2 protein chains.
Amino acid sequence: MTRKNFAVGQSLARNDAREKVLGRMLYTDDYEFGNMLYGATVRATIPHGLITRIDIEPARKIAGVFGVYTFRDIPGTNILPLVIGDYPFLAEEKVLFAGQPIALVVAESREVAGLAAKKVKVEYQNLPAVLDVFQSLKENSPKIYGQDNIFKRYRIVKGNIEKAFRQAEIVVEGKYQTNYQVHSYLETQAMLAVPAADGGMTVYGSMQCPFYVHDAVAAVLGIPYNKVRIVQTTTGGGFGGKEDVPSIVAAHASLLAYLTRRPVKIAYSREEDFISMSKRHPGYVEIKYAAKKNGKIIGAQVKYILDGGAFATLSPIVLWRGTVHAAGPYSIENVLIESMAVATNKVPGGAFRGFGQPQVCFANESLIDELAQKLEMSPKKLREINILKIGDRTATNQKITYSCGLEKVFAKVCRQADYEKIYRAEKTIDKEGIYRRGIGLSVSFYGVGLGAGGRYLDRAGAYLQIQKDATTIVAMGNTEMGQGALTVLAQIAAETLGVPYESVKILPADTTRVPDSGPTVASRTTLMSGNAIIDAARQIRQNIDYIVRQMLGAKNNQPVLSDGKNYFVKGVSRKKIPYQEVIKKCYAERLNLSANGWYAAEETSFTDEGQGIAYPVYTYSAVAAIVKVNTLTGEVVVEKIVSGHDIGRAINPQQAEGQIQGGVLQGLGYALLENLVLKDGKIVNPNFAGYLIPTTDDVPEIVPVIVEEKCPFGPYGAKGLGEPPLIGVAPAIVNAIYNATGWRIRELPALPEKLLEIKEKLPLTK
Amino acid sequence: MTRKNFAVGQSLARNDAREKVLGRMLYTDDYEFGNMLYGATVRATIPHGLITRIDIEPARKIAGVFGVYTFRDIPGTNILPLVIGDYPFLAEEKVLFAGQPIALVVAESREVAGLAAKKVKVEYQNLPAVLDVFQSLKENSPKIYGQDNIFKRYRIVKGNIEKAFRQAEIVVEGKYQTNYQVHSYLETQAMLAVPAADGGMTVYGSMQCPFYVHDAVAAVLGIPYNKVRIVQTTTGGGFGGKEDVPSIVAAHASLLAYLTRRPVKIAYSREEDFISMSKRHPGYVEIKYAAKKNGKIIGAQVKYILDGGAFATLSPIVLWRGTVHAAGPYSIENVLIESMAVATNKVPGGAFRGFGQPQVCFANESLIDELAQKLEMSPKKLREINILKIGDRTATNQKITYSCGLEKVFAKVCRQADYEKIYRAEKTIDKEGIYRRGIGLSVSFYGVGLGAGGRYLDRAGAYLQIQKDATTIVAMGNTEMGQGALTVLAQIAAETLGVPYESVKILPADTTRVPDSGPTVASRTTLMSGNAIIDAARQIRQNIDYIVRQMLGAKNNQPVLSDGKNYFVKGVSRKKIPYQEVIKKCYAERLNLSANGWYAAEETSFTDEGQGIAYPVYTYSAVAAIVKVNTLTGEVVVEKIVSGHDIGRAINPQQAEGQIQGGVLQGLGYALLENLVLKDGKIVNPNFAGYLIPTTDDVPEIVPVIVEEKCPFGPYGAKGLGEPPLIGVAPAIVNAIYNATGWRIRELPALPEKLLEIKEKLPLTK
């Protein structure tokens, strides 16, 4: 007999919607403290050079300026603490990209600070800039990182790839390339640092990862961790862009606050945000499949290069995730994946929803279609043959033994999209023969959490407290950045405590409230914080259940149930006790109604050859895209996207759909629109006038499909959904364009001009 | 074999001393938020009356005024939630004391707010005022509380008091009276309320009891508890004066912040603070002892009346504590104590260090001396015969079975004061015969914590987290108000965790960090929060010890020890592992280094006849005072005070001495100087020009004596020390004056003019 959940699985209203809609939420830039100053950043204007002189005097003289500081004023360490310590908070003798922070100005107003920053004169000796990964890898290239300009490389070796190609009946290969993607969050980077009496620092800001910011502020100030407190303010979007970079902004604000002993705010303009913030890495993928004529893929070889930009930031782990997933969600016996992240004198690449997977998914899902074409087999059929099923093994030789709904989700998506019919239908849809319609598919999988690559960070804490009036507060180590974590986790807390969803409030993330819970990335929040919350709630339930049993005269082993408003024990009494009464009794008995929860992710393993349990569990996804192509202009209209995901359990189906809608649209932008242009290492279009993102006009019909193959260790069976909806969109669209026109795009974004270029070389298919 | 403690028992430096000495600590009035407004309070100017009209228009019209509000604007409940709900946040139809809040003004500056408050016109219909407890108790008196003007009454009945007086060989009796005492904290009442986006409220302020403030703010705004957050700022003294009253100030500030949607600060001037704040209750005690000629006291009868003022505030529990301790720390077979708190149209009485005990201790310790006189026995001897020893029973018939060091502390104090010698010495010490010296004694006991009277509140939580760099943060539910709690509790945390004292930081008290831990009163902080911290630290130690054993190859049952810098296991390895290494390893293993601690006080019991376990444990104290009296002017100079206390264990001996020094001086002020004068119900001297408190010139030689009879359930054996040093000072001084002059003062303070009055009636003894 399974109990029905009263909170989990329900499409309850977002608990932060009202305040957001009413415009009442306070973002960092809305906060003001007494005696507050404003910071501004002086940035490199060239991509590569030696700093020969910094003249701060003209800036310092301006009325209202309280200080101008360089790396020499840093009391702690001048290195952003991340995977690789290479990124100085403020440049010392060298600059490696146009936009790199060199100096900081602090002034009585934002305007004065900005003005003064422009008056700081930096003189350079120019050095030759490396602006392309392939140039960077050349032996005689200028070296900007180590001996070889390679931040990191990985190899995954499964089976015998050479043998596979020898035994292959069909071989396909292709080269694929993707551009930067900008996070385009609504709220730009912003931090407010407030000095404490004891030399400590509290930082309020827009961020995904308070514990990373904690590391950075402790480092730059050289003070103990327990004197640093990081508090997340309402965060207007992250998408990975508030993973590594807020640490820099916070370190800058903290430094200024520390030196002036006054609160200091730094909030970026959109242009500054564009210029300086880590983007999705441009990716270069060479891929080759060995297959049998029956469609069975027996070998996959992938070479994957990420353009890391000037500093490593998160490139090593972005690359790791991309590498692990590079052969797609397929059962392939022989795999060789080689990857590297390469340094260039450009803005650093960093975390972005999908985290190294969209680039390589675009490549392998495109080539799957090309293989199908060559096999004269439907792309659907080819995928059905090869996709991962229970008992299969991934490229890292990880055996999938539970929670794998890929077959199911793929079938549902194809059905919902009416795939076979549209795939085989007449392509031309207007009398003039200008518009063509096509459908494309993709499948993908996504290892939930940090996996073997971030194992030691993959734990989370939570703190719960039921207050005197029976309302509850929850503190957790992950953050809300628009994705609905506050809602979903409040549902989990309510369900486990047995109290109404509305009675649960989640506090802003604060490093002093819960232990380091790792970053809010990798679609790990529901699983990690959800489990930590359950751990805490169960401890509190022991006291609650004890009192309920006492009140109902039940025995110690009889399970106490809740319908969300009342507690009861089946078979003992028909009486249901309102939860408020039970809490009141617990208080009268001085029982502890607070608890500290903890969850460490399931164990993983990983060899130097990339073999092992990469992630404890995967979310499985399938996408069908229907597009209409204007063959005269090259414009592509996405008419419909069916986006399906096996997420174990939808804690809040409506919120899950929201994630799917957002991810689909961001994937659509990645596929067709978003095109950052650099010239001589400088971004030419650092704004939304020049860098186009999808608008409401571009929103296709989005059909969400949710499959629930429960994860045995997920909270109420849930896995994760943050990133998967974006990953497979681009290849599905590109495959649909191919289905519509016969034009195979191997470079993202698929701009109209590129389609017209192909058109010139290739006649339209019938 | 006992382990030596490396942190507990050491006189380590206060961890907040540096910032306080450097003037860096921020008090509430130092905080500023953006868009902040200032509140001011309109108060009753008469002691008793009906409000016939409130004209807010003249105030509202003033430029810079944002609003003027009365009780009609309160969205929640207009009753301060305390023991008895009688005190409105803002007066409705009636005012009951001069100073009662009637309306609130909020303005852009403190000056404008203050000015506008004066412009609010309140018209009254005067009612006859009850200004004296005995008048109040008369049948035909105006009724200001209930049917009889009695807030609360208690009876303690042990044995048969009538029989005792029948069997008595000697009977003494006396009437004693004490005046108000003002807390005279350095920092006046101040609160800053900051509204949250969701309609919630965060309040920062100077306070002892964040959870009381929590109750009040939730009540006045009518919002759930989980939307209210109370954070204590550095608090410049409390002494009980920041127990009940901050709830009113916070409710006022919150109301203004709620109505204006802006941060609002209210900080009282010294005069406003004097006029409005609850004081130590004036006390009236009639006491009668039945004794045998051998000095054995066989009966004690006490009638104890507190002047509660206009509202009940904490009077019922102040009275309860006073009642329980009213027969002193003596083993007396027959006891009758009757007490009541009576309403008058004056400023309310409230919590003050000692909490109803100093008034009655003054009475019974004076009468003990009078009994000794009548018995022709030394006051020392008489006390030795009667004081509580292990196996004895208190007035509530509680058998003392552990941790009773009264005999020991009394003996030590007498020895240190050279009692017998000075007691018997020539009184006149100058040739002219003007100056006389004398010595006086007192003993007292103090039930640690809330006892049976506050049983359901007597629990505390704590939260500990060891951070990545092995520094620790602690959150607790009790507050630092100058007494050194942060230091003592950091020592307990460090000792139990096995880490250096310097690595532990205690966060400001915050109601969202730990569950309701009751008030910071009743000398309960070390015991309650100390035990909660130990509970949390022990949980963390499980993980630490596991890793240490693993690192040293020790078995599961082998105890892991710490010298404060290194962990080690005896008999396994000579190796000691630096604590930072152990913490690092715990992090690498993803072990939880945070925990939530809890402690509920030992059980108590109490019948309607006042019989039972009133408190789980008592601190026992003895005082010897040596005074020099100018018999011409009536001036008394206290030359020396020996103040001894059995506190179970001195966690920090230097801090314990600090508490003794402070308490002695405040007791000296109570005995000799502090004299609040009311005329027609209004305070005539609401400032330190008119209300004298001891200055450095008045500081006698203070000799602290500490006895450590460990409390079995105290943290490292500790009990409590906050209040005891004040309690017995006044009777010891008064007894010393008697010893010097033969003048028996039965009314506090013992002002020179009162001594001279007695002199007129009574010749000097030789």
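For the structure itself, consult the block above.
Residues numbered from 1 in each chain as written. Chains lettered and ligands numbered in written order. Predicted model: local features only at pLDDT ≥ 70, side-chain atom pairs only at ≥ 80, totals over all residues. Heavy atoms only, no water.

## Details of the overall build of chain A
Rule in force here: Put simply, DSSP marks the helices as runs of H or I at least four residues long and the strands as runs of E at least two long, and each gets a number from the N terminus on. For this measure, only C-alpha atoms enter the radius of gyration; the expected value for a globule follows 2.2 Å times N^0.38, where N is the number of residues. Here's how the labels work: a residue is buried when its accessible area is under 20% of the maximum for its type, exposed when over 50%, partly exposed in between, all with a 1.4 Å probe on protein chains only. Contacts: residue pairs with any heavy atoms within 4.5 Å of one another. Calculation of accessible area relied on Shrake-Rupley with a 1.4 Å probe; when residues are assessed, cover is drawn exclusively from the protein chains displayed. Neither His nor the chain ends is counted toward charge; the positive residues are Lys and Arg and the negative residues Asp and Glu. Lysine's charge is taken at NZ, arginine's at CZ, aspartate's at CG and glutamate's at CD.
Check the secondary structure of chain A and you find 20 helices and 28 strands. Radius of gyration (C-alpha) of chain A: 27 Å, near the 27 Å computed for a compact globule of 766 residues. Dimensions along the principal axes, computed over C-alpha positions, put chain A at roughly 80 × 75 × 50 Å. For chain A, the residues scored as buried account for 66% of the 766 residues in total. A separation threshold of at least 6 residues defines the contact pool for chain A, and within that pool the share at least 24 residues apart is 80%. Accessible surface, chain A as shown: approximately 26,700 Å² in total, 49% of it carbon and sulfur. Computed over 89 positive and 76 negative side-chain charges, the separation of the two mean positions in chain A equals 5 Å.

## Things to note about the sheet that holds strand S13 (residues 283-291) of chain A
Residue and element names in this part refer to chain A. Cut-off, in case you're wondering: Only when DSSP finds a minimum of two bridges between them are two strands counted as paired. Between N-to-C directions, angles span 0 to 180 degrees; the directions come from axes that are lines fitted to C-alpha atoms, helices contributing only their stretch in contact.
One open sheet holds the five strands; their spatial order is S7-S15-S14-S13-S8, and the pairing between them is mixed. Because the sheet does not close on itself, it has two edges, and the strands there are strand S7 (150-158) and strand S8 (170-178). Across this sheet, the average inter-strand angle for adjacent strands is 5 degrees, counted without regard to direction. Examined bridge by bridge, S8 and S13 share nine bridges and lie antiparallel to one another. By the bridge assignment for S13, glutamate 173 is matched with lysine 288. Across the sheet, helix H10 (residues 357-375) lies against S8, S13 and strand S14 (297-309), angled at about 145 degrees from S8, the strand it touches most.

## What about the interface of chain B and chain A?
Inclusion rule: The term buried area means the drop in 1.4 Å probe accessible area that two parts suffer when joined, counted for both and summed. Take a side-chain nitrogen of Lys or Arg and a carboxyl oxygen of Asp or Glu: if they are within 4 Å of each other, that pair is a salt bridge. In the analysis that follows, any N or O atom pair within 3.5 Å is treated as a polar contact, provided that within protein one partner can donate a hydrogen and the other can accept it, and provided that, for residues neighboring in sequence, both atoms belong to side chains. Under this grouping Gly is polar, as are all residues other than the nonpolar Ala, Val, Leu, Ile, Met, Phe, Trp, Tyr, Cys and Pro and the charged Asp, Glu, Lys and Arg.
At the interface, 52 residues of chain B touch 52 residues of chain A. For the pair chain B and chain A, the summed buried area comes to about 4,600 Å², and 45% of that belongs to carbon and sulfur atoms. Here chain B and chain A share ten salt bridges between them. Of the charged contacts in the structure, one is a salt bridge between Asp510(B) and Arg513(A), with a shortest N-O distance of 3.7 Å. The interface formed by chain B and chain A includes 36 residue pairs in polar contact (both at pLDDT 80 or more). When residues of the side of chain B that touches chain A are traced back to their parent elements, those giving at least two are helix H6 (210-221), strand S17 (459-466), strand S18 (472-476), strand S19 (504-506), helix H16 (579-588) and strand S23 (594-600) of chain B. In terms of residue count, the dominant contributor to the side of chain B that touches chain A is S23(B) (five residues). Classifying every residue of the side of chain B that touches chain A gives 19 nonpolar, 13 polar and 20 charged.

## Points about the relation of the copies chain B and chain A
For clarity, the cut-off: Superposition of the copies used a least-squares fit over C-alpha atoms from residues whose pLDDT is at least 70 in both.
Of the transformation placing chain B onto chain A, the axial shift is 0.0 Å and the rotation is 180 degrees, giving an RMSD of 0.1 Å. Look at the turn and shift together and you get a two-fold axis relating the two. Considering only C-alpha atoms, the part of chain B nearest the rotation axis is Phe33(B), at 2.1 Å. Taken as a fraction of all interface residues of chain B, those also at the interface in chain A reach 100%, which identifies the copy contact as same-surface.

## Some words on the nonpolar core
In globular proteins that are soluble, nonpolar side chains generally tend to be buried together. Rules: Nonpolar cores were defined as sets of buried Ala, Val, Leu, Ile, Met, Phe, Trp, Tyr and Cys residues, with membership established by side-chain atoms within 4.5 Å.
Judged by nonpolar contacts, the single largest core of 154 residues is most densely connected at Val217(B), Tyr289(B), Leu371(B), Leu672(B), Ile733(B) and Ile737(B). If we ignore the near neighbours within four places in the chain, the residues touching Ile733(B) are Ala625(B), Val627(B), Val638(B), Ile641(B), Leu668(B), Ala671(B) and Leu672(B). Counting 153 residues, the second-largest nonpolar core is a separate cluster that includes Val106(A), Leu306(A), Ala312(A) and Ala363(A).

## Things to note about the pattern of salt bridges
A pair can form between side chains of opposite charge whenever their charged atoms are brought close. Residue and element names in this part refer to chain B. Applying the stated rule across the entire model yields 73 salt bridges over all chains. When the shortest N-O distance is used, the salt bridge between aspartate 55 and arginine 53 registers 3.7 Å. Classification of arginine 53 by relative accessible area gives partly exposed; the value is 43%. Here arginine 746 and glutamate 370 are joined by a salt bridge, their closest N and O atoms 2.6 Å apart. Remark: glutamate 370 occurs in helix H10 (residues 357-375) and arginine 746 occurs in the loop between helix H19 (729-741) and helix H20 (752-761); sequence separation between them is 376 residues. Under the relative-accessibility criterion, arginine 746 is labelled partly exposed at 34%. Overall, glutamate 370 belongs to the buried group, its relative accessible area being 15%.

## Side note on helix H3 (residues 110-119) of chain A
Residue and element names in this part refer to chain A. In plain terms, the rule: Throughout, the arc means the angular range of directions from the helix axis out to the C-beta atoms.
Within H3, burial applies to Val112, Ala113, Ala116 and Ala117. Viewed end-on, H3 has its buried residues packed into an arc of 135 degrees, placing them on one side of the element. Summarising the geometry of H3, the exposed residues directed more than 90 degrees from the buried face are Glu111 and Lys118. Contact partners of the buried residues in H3: strand S1 (37-43), helix H2 (57-60), strand S3 (65-69) and strand S5 (101-107).

Remember, this is a structural readout, not a statement about activity or role.
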